[in-house]
Amino acid sequence: MAERVRRMSIWDPGIVRQAVLGSVRKLDPRIQAKNPVMFIVEVGSVVTTIVFLQELAGGGRLLFTGQVAFWLWFTVLFANFAEAMAEGRGKAQADTLRKTRTETRANRMVAGGRVEEVPASTLRQGDLVIVHSGEFIPGDGEVTEGVASVDESTITGESAPVIRESGGDRSAVTGGTRVISDWIKVRITSEPGHTFLDRMIALVEGAERRKTPNEIALYILLAVLTLIFLLVVVTLEPFAHYAGTRIPIPVLIALLVCLIPTTIGALVSAIGIAGMDRLVQHNVLAMSGRAVEAAGDVDTLLLDKTGTITLGNREAVEFVPVAGVTEAELADAAQLASLADETPEGRSIVVLAKTRHRIRGRELADKGAVFVPFSAQTRMSGLDMGGREIRKGAADAIAAYVARHGGVTSPELDAIVDRVARSGGTPLVVAERARPLGVVHLKDIVKGGMRQRFARLRAMGIRTIMITGDNPLTAAAIAGEAGVDDFLAEAKPEDKMALIRREQNAGKLVAMTGDGTNDAPALAQADVGVAMNTGTTAAKEAGNMVDLDSNPTKLIEIVEIGKQLLMTRGALTTFSLANDVAKYFAIIPAMFVVAFPQLAVLNVMRLATPESAILSAVIFNAVIIIALIPLALRGIPYRPLGAGAILRRNLFIYGLGGVIVPFVGIKAIDLVLVAVRLA
Amino acid sequence: MGTEAVAVGAVILFATATSVPLGRYMARVFSGRRTWLDPVLVPIERLVLRLTGVRADEQQNWKQYSVSLLASNVVLWLATFAIVSLQKMLPLDPDGIGNMEPTLAFNTISSFVTNTNLQHYSGETGLSYFSQMFEATFLQFVTAATGIAACVALLRALTRDRETHIGNFYVDVTRASVRVLLPLALVVGTLLMWQGSPMTFRGAARAITVEGRPQTIARGVVAPLVAIKQLGTNGGGYFGSNSTHPYENPSPLSDLVETWSILAIPMGMIWTLGDMVRRQRLAVMLFAVMVAMYIPMVTVAVAQEAGGNPGIARLGVDQASGSMEGKEVRFGAPLSALWAVSTTVTSNGSVNAMHDSLTPLGGLMPMVGMWINGIFGGVGVGFINMFIFIIVAVFVAGMMIGRTPELLGKKIESREIKLASLALLWHPLAILVGTAIACHVWTATAHPGVALGWLHNPGPHGFSEMLYEFSSAAANNGSGFEGLGDNTAFWNISTGLVMLLSRYIPIIAPLALAGSLAAKPGMPETAGSLRLDSATYGFTLWAVVAILGLLMFMPVAVLGPIAEYLTLR
């Protein structure tokens, strides 16, 4: 499925306008109190304003105090603006979604096969509705009858319609999508207000946002740093007094605000919201921020072979009979066994028999044929018809079947199976009771570019494990071709579960994708379980993310977004702390140059006056927040390098850069202030 | 200067080289493996454990371990407080020294129980021989062993996976005393006696000087105290003038032995870590990070002291042999500077020169050592302090590589950050608030020079003296800038409290942190995880320590030593 990433300009005028209003609204101290760093800044702003008002009455350095107060307020406003911007972007996406939730009418089926028209909002869980071509599906549900093509572009952004049919793994439909051909009957599975669309709107709006564990830990660290700087600044008062000088309160507050980690403090929540937002842009819905963080930590990725690593469908390419059986005889039996088999593999066998041996498909219904469907337990399918019993399936399953009927499989058959498997194909053995007939060679086609993607994952330190029902030989061949690190062959659902548990017991974080109902337990067990939107409701409920594009390789992007989120947090924390060095060199000499004129040599930036030095530092501190908003919203770019290389790179840019940039910035602001005679 | 600089380098190299086998030996002792000293020392260890009734196989979790540590320290505090308060009634007091005054006793006992050894008294006039042995020397063994035990417990916790037991405190303390400190102290003490340190129970000697005047020369059980004072990062001297005194530090050779003794165990603990955590490369990285802080500090101090004092040079006094005010001629400026830095980075606190007389920047270096307090650091507690910086650096660096932070495979979450924050916050709080209160009292008092009598030279130097005193107390260092009139109720009580809190908060919080890590499942390392033993992480740690240190203490450094330096220049 083509991927469509919804992009939005960072400075979208509508969002900016809303964010400006929001940043004023957020001055409410009850909101500020949630962020200890910015709360201190707000308190500082209030105190400085009071001092300014006193000076207004009694005289003092009005211009200076006024400017400090002004910029302190703007520091708070800029921080609020950053958060409001992130929220605004989420809201904008939510609004787009909400527009699709127009009040629809539903055709509810009532007893006696009658249909009554009711508003969609009155539908309850368990109600049955019928949806015709051109109508909107009134709520989330499961198709119970019929097949229809559905336009899900409101949810996925993908304009090509998808097929929804009863039974199997393509039965889930989402409220607000539109049937464009045929009709389906849908059993509603969600209460009004709790539909998928509602949940999605709440998530992107940030209404359900709670601080994640890493965010909480970061807030604690920022709070303790704030406390340490509070100590540093408060104790300066008696120190200055001892040195025979007095430091005006606005100057102390200015130093405090410059030192406490306002840059990261202002941007933490914006970074978190933007992380969720980026997932939404990739058409992935995370049920919690915690899941996004966990994605960055994933050690092991479980990928289903079929549909993820290989193109969904295997094709029959060859019939290989055992001695004493003609190829046509094998083809005939294989076709019979596959006639009722609607899987692409089954169809490809029918087609191959038709093209190679001109064996036509037959009508079976009138011959009392009984189709034996594939099950994960027997791992066989086939047909019982007029005393004949034909089975096709994995080699060991068929061997067991043959043995049950008193037959044996020959070494020759084993050799054929082996040859097909070694070539990366899937050997499908066909047998009639005790008599093995031969092998159908099914070929898997590995998707393009998979090898590079797995190499990229390996560089991130993530191990990929391919899960397949194939036998070990086939699995090894495909695993080799695709470049995965490991594989689990002949996997039954419980094997998948056991593998996840084993990995988790070794302390690893496991991510997987799934769509079928039988994936649900594993999706729930995995640390990051991405359910496909095309999947069953059970799968979607069990996972902690839903991929609206139903693209299993999306896991790679999800992992990258998780990592990007944490990297952005770490980089801006480093930047924020590194900035303080320059601010010290601006403010400390300015504070004490009266008491100790010799401290002028510490004014390495040669800032014009003590006032201009302090103001420049405060202004830099405020403006840097605005300057970093795009970075916080976009996230710092992630490159799949080893941990050491990433750390070196980020340390260089945000650590060393964080030390140098403010020296340059403060000096530049100082020059401007002097030029415009504000200091 | 040339040969002296070579001596400085040689001592550091020799200490580094010998710390490796010493560290490995300690690791063997604490993980119950065999060592070549076992035939002699294990019977003593068994005897002590039997006498104290400790069950050697009883394992403790971090809470039980911490409770044992605190409880034993309370008992030690009360017992030794009784000794110095009643020493006049106790035996072995040939010079007739009286009982200690209560606030001074509070300060002294808090100081010795916390391995600080800040001394507001002079040994020769303040303590009887009994007190010197059973208060000072005894506590110098036991408290050093306590620090080592706490560190060993922390190291054990780092290797645990979903487990809570981290060893037995009493067994660890006994092992540290009997099998680590005792043999080392015997060797060092013997060397010092050979160099001329006294070891006698006879009272002070009386002599007639060349001027024909009578002089009383204090002496006593000096050599053993000096040995353990140096080895156990204690620092509390037998005499008031500590290792500047010819009986404590008779010769250049004894000076080298004592300088080595300061560094040996703190350096060795890093190799113990490498062995016990089974990560030799990590030990190499940590050692390198510490050396990368220690060497620049030594270099600055040596250069400053050897460069002389410009203020005195202007008076026409030759400064060719460096700034010799307050220094011993037999050691010279460079070796005094080396000692000053070594004794403060390691929280030892003994001195072989008066730190009050160090040049301003030369005097700043010891303060920096105490502010960071984890460059090798006090025996055991040095690594515990560095561990807090390691946690902070892991947290920041971990996020920067795009993972939720983890230390050796264990997730660092809010509980860990909370505990690390407590330890991180306490140190600057004690120093800055303590100094601020002192400054406030000084400025709020009329004629403070007369009324309080603390400072004889106010201004930046006086500020440094007060700052140094609280830094020393908070770092459990114990050296004094001197020049400060510190035997007053204010200083006795304030620094006494700071020493107590600064001992137990930075031990218990990291132990709790390690206990929390021990209980967590360990995750295997992959190409995506942060490698603690890499040079990149080492640099990150170095930078985190440097930047946090700078941010916490730059203002006070400017107001004290740097302002003085710029004035004197």
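Note that the coordinates shown come from a computational prediction; the quantities given were computed from them, not determined experimentally.

J.: Can you explain the overall build of chain B? Please cite residues and give values.
T.: Along the backbone of chain B there are 19 helices and four strands. Taking 569 residues into account, the globule formula puts the C-alpha radius of gyration at 25 Å, and chain B, at 23 Å, falls close to it. Within chain B, buried positions represent 66% of all 569 residues. Residue pairs in contact within chain B that sit at least 24 positions apart in sequence constitute 77% of those at least 6 positions apart. Carbon and sulfur atoms form 67% of the exposed surface of chain B, whose accessible area is close to 18900 Å². Charged side chains in chain B number 34 positive and 33 negative. The centres of these two groups are separated by 11 Å.

J.: Lay out the packing of aromatic side chains in plain terms, naming residues and giving numbers.
T.: All names here are of chain B. If you walk through the whole model with that rule in mind, you get 26 aromatic pairs over all chains. Here the aromatic rings of Trp-77 and Phe-81 are separated by 4.9 Å at their centres, their planes lie at 10 degrees, and the arrangement is stacked. Of the two residues, Trp-77 and Phe-81 are both situated in helix H3 (residues 62-85); the distance of four residues between them amounts to about one turn of the helix. Geometrically, the ring pair formed by Trp-454 and Phe-490 is stacked, given 4.7 Å between the ring centres and 20 degrees between the ring planes. In this pair, Trp-454 is assigned in the loop between helix H16 (448-451) and helix H17 (460-474) and Phe-490 in helix H18 (residues 489-518), connecting sequence segments 36 residues apart. Classification of Trp-454 as buried rests on a relative accessible area of 2%. Of the residues examined, Phe-490 reaches a relative accessible area of 23% and is grouped as partly exposed.

J.: Can you lay out the pairing of strand E1 (residues 105-110) of chain A for me, pointing to particular residues and giving the numbers?
T.: Residue and element names in this part refer to chain A. Here six bridges tie E1 to strand E2 (residues 114-119), and the two strands are oriented antiparallel to one another. Opposite Arg-108, over in E2, you have Glu-116 as the bridge partner. The turn linking E1 back onto E2 is made up of three residues, and Gly-112 within it adopts a positive phi angle of 85 degrees. Inspection of the sheet shows E1 paired to strand E3 (residues 128-131) by two bridges, in the antiparallel sense. From the neighbouring strand, Asn-107 faces E3, where its bridge partner is Ile-130.

J.: Residue-level account of helix H21 (residues 610-634) of chain A, with values.
T.: Residues and elements named next belong to chain A. For H21, built from 25 residues, the straight-helix expectation of 36 Å at 1.5 Å per residue is met to within 8% by its first-to-last C-alpha distance of 37 Å. Maximal helix bending in H21 amounts to about 40 degrees, located at Leu-628; proline Pro-630 follows within four positions. Of all 25 residues making up H21, 18 are buried, and the element is well covered by its neighbours. Where H21 ends, the next residue or the one after it, Gly-635, has phi of about 85 degrees, a positive value.

J.: Quick one: what's the story with the interface of chain B and chain A, residue by residue and with numbers?
T.: The interface is formed by 64 residues belonging to chain B together with 63 residues belonging to chain A. Both faces considered, chain B and chain A share a buried interface measuring about 5200 Å² in area, 78% of it formed by carbon and sulfur atoms. Its largest share of buried area at the contact with chain A, chain B owes to B:Met399, B:Met400 and B:Leu551, together 14% of the area lost on that side. The tally of links between chain B and chain A comes to two salt bridges. The tally of links from chain B across to chain A stands at 12 residue pairs in polar contact (both at pLDDT 80 or more). Every element with two or more residues in the side of chain B that touches chain A is listed here: helix H14 (381-400), helix H15 (414-444), H17 and helix H19 (535-568) of chain B. A per-element tally of the side of chain B that touches chain A places H19(B) first, with 18 residues. When its residues are assigned to classes, the side of chain B that touches chain A shows 42 nonpolar, 16 polar and six charged.

J.: Can you explain the packing of helix H13 (residues 360-372) of chain B against H19(B)? Please cite residues and give values.
T.: All names here are of chain B. With their axes 10 Å apart at the nearest point, H13 and H19 run at an angle of 160 degrees to one another. Relative to H19, H13 is oriented roughly antiparallel. In the packing of H13 onto H19, the handedness of the crossing is right-handed. Across from Pro-360, Leu-361, Leu-364, Met-367, Trp-371 and Ile-372 in H13, the residues of H19 making contact are Val-545, Phe-553, Val-556, Ala-557, Pro-561, Ile-562, Glu-564, Tyr-565 and Leu-568.

J.: Just give me the short version of unusual backbone geometry, but keep the residues and values in it.
T.: Across the chain, the bulk of peptide bonds are trans and the bulk of non-glycine residues have phi less than zero. A positive phi is found at A:Glu490, a non-glycine position, where the angle reads about 45 degrees. With respect to the secondary-structure elements, A:Glu490 resides in the loop between strand E19 (486-488) and helix H17 (493-505).

J.: Tell me what's going on with empty space enclosed by the protein, and back it up with residues and numbers.
T.: All names here are of chain B. Evaluation of the coordinates by the stated rule reveals nine cavities of 30 Å³ or more. Here the largest cavity is characterised by a volume of approximately 290 Å³. Lining the largest cavity are 23 residues, with Ile-372, Asn-373, Asn-385, Ala-423 and His-427 positioned closest to its centre. If you list the elements that add at least two residues to the lining of the largest cavity, you get H13, H14, H15, H18 and H19. A per-class count over the lining of the largest cavity returns 15 nonpolar, seven polar and one charged.

J.: Before we move on, could you go through a nonpolar patch on the surface and cite the residues and values that matter?
T.: The grouping of B:Ile44, B:Leu182, B:Leu186, B:Val187, B:Leu191, B:Trp194 and B:Leu253 at the surface amounts to a nonpolar patch, some 630 Å² of accessible area in total. Its place among the elements puts B:Leu253 in helix H9 (residues 252-276).

J.: Summarise the side chain of B:Asp533; cite the residues concerned and give the values.
T.: All names here are of chain B. Within the secondary structure, Asp-533 is located in the loop between H18 and H19. A residue is classified by how much of its surface remains accessible, and Asp-533, at 14% relative accessible area, is buried. Residue contacts for Asp-533: discarding those within four places in its chain leaves Arg-281, Leu-282 and Met-285.

J.: Could you give an account of the sheet that holds strand E5 (residues 147-151) of chain A, naming the residues involved and the relevant values?
T.: All names here are of chain A. Judged by pairing direction, the sheet is antiparallel, and its three strands sit side by side in the order E6-E5-E8 without closing on themselves. Looking at the sheet topology across the chains shown, the edges are occupied by strand E6 (162-165) and strand E8 (178-182). Averaged over all adjacent pairs, the angle separating strand axes in this sheet is 40 degrees, with direction ignored. Bridge count for E5 against E8 is four bridges, and the pairing is antiparallel. Bridge pairing in E8 links Ser-149 to Ser-181.

J.: Explain the environment of A:Ile216 to me, and be specific about the residues and the numbers.
T.: Its place among the elements puts A:Ile216 in helix H7 (residues 213-242). With a relative accessible area of 34%, A:Ile216 lands in the partly exposed category. A:Ile216 sits 40 residues away from A:Gly176 along the chain, and the two C-alpha atoms are 36 Å apart. Sequence-distant contacts of A:Ile216, defined by excluding residues within four places in its chain, comprise A:Lys211 and B:Ser414.

J.: Quick one: what's the story with the pairing of E6(A), residue by residue and with numbers?
T.: All names here are of chain A. Taking every second residue as pointing to the same face, the buried face of E6 carries Val-162 and Arg-164, while none of Ile-163 and Glu-165 on the other face is buried. Direction of pairing for E5 relative to E6: antiparallel, over a ladder of four bridges. Counted as the bridge partner of Val-147 is Glu-165 from E6.

J.: Hey, could you go over helix H9 (residues 262-281) of chain A for me, with residue numbers and the actual values?
T.: All names here are of chain A. Here H9 spans 28 Å end to end across 20 residues, near enough to the 28 Å set by a 1.5 Å rise per residue. At Val-268, H9 shows its strongest bend, of approximately 40 degrees. One or two residues past the end of H9 sits Asn-283, with phi positive at roughly 65 degrees.

Conventions adopted
- Residues numbered from 1 in each chain as written.
- Chains lettered and ligands numbered in written order.
- Predicted model: local features only at pLDDT ≥ 70, side-chain atom pairs only at ≥ 80, totals over all residues.
- Heavy atoms only, no water.
- Helix = DSSP H or I, 4+ residues; strand = E, 2+ residues; numbered from the N terminus.
- Rg over C-alpha atoms; globule rule 2.2 N^0.38 Å.
- Buried < 20%, exposed > 50% of the residue type's maximum accessible area, 1.4 Å probe, protein only.
- Contact = heavy atoms within 4.5 Å.
- Areas by Shrake-Rupley, 256 points an atom, 1.4 Å probe, with all protein chains shown as cover.
- Lys, Arg positive; Asp, Glu negative; His and termini not counted.
- Charge placed at Lys NZ, Arg CZ, Asp CG, Glu CD.
- Phe/Tyr/Trp six-rings, centres within 6.5 Å; stacked < 30°, edge-to-face > 60°.
- Pairing = 2+ DSSP bridges.
- Expected span 1.5 Å × (residues − 1).
- Bend = angle between axes of the 7 residues up to and from the residue.
- Buried area = accessible area lost by both parts, 1.4 Å probe.
- Salt bridge = Lys/Arg side-chain N within 4 Å of Asp/Glu carboxyl O.
- Polar contact = N/O pair within 3.5 Å; in protein donor to acceptor, adjacent residues only side chain to side chain.
- Nonpolar A, V, L, I, M, F, W, Y, C, P; charged D, E, K, R; others polar.
- Axes fitted to C-alpha atoms, helices over the stretch in contact; angles between N-to-C directions.
- Parallel < 35°, antiparallel > 145°, perpendicular 65-115°, else oblique.
- Left-handed = near helix turned anticlockwise from the far one by under 90°.
- 1 Å grid on protein atoms, 1.4 Å probe; cavity = no way out; pocket = protein on both sides within 12 Å on 5 of 7 lines; lining within 4 Å.
- Points joined across faces, edges and corners; volume = space filled by probe spheres on them.
- Patch = residues over 30% accessible without salt bridge, like charges linked within 9 Å, V, L, I, M, F, W, Y side chains within 5 Å.

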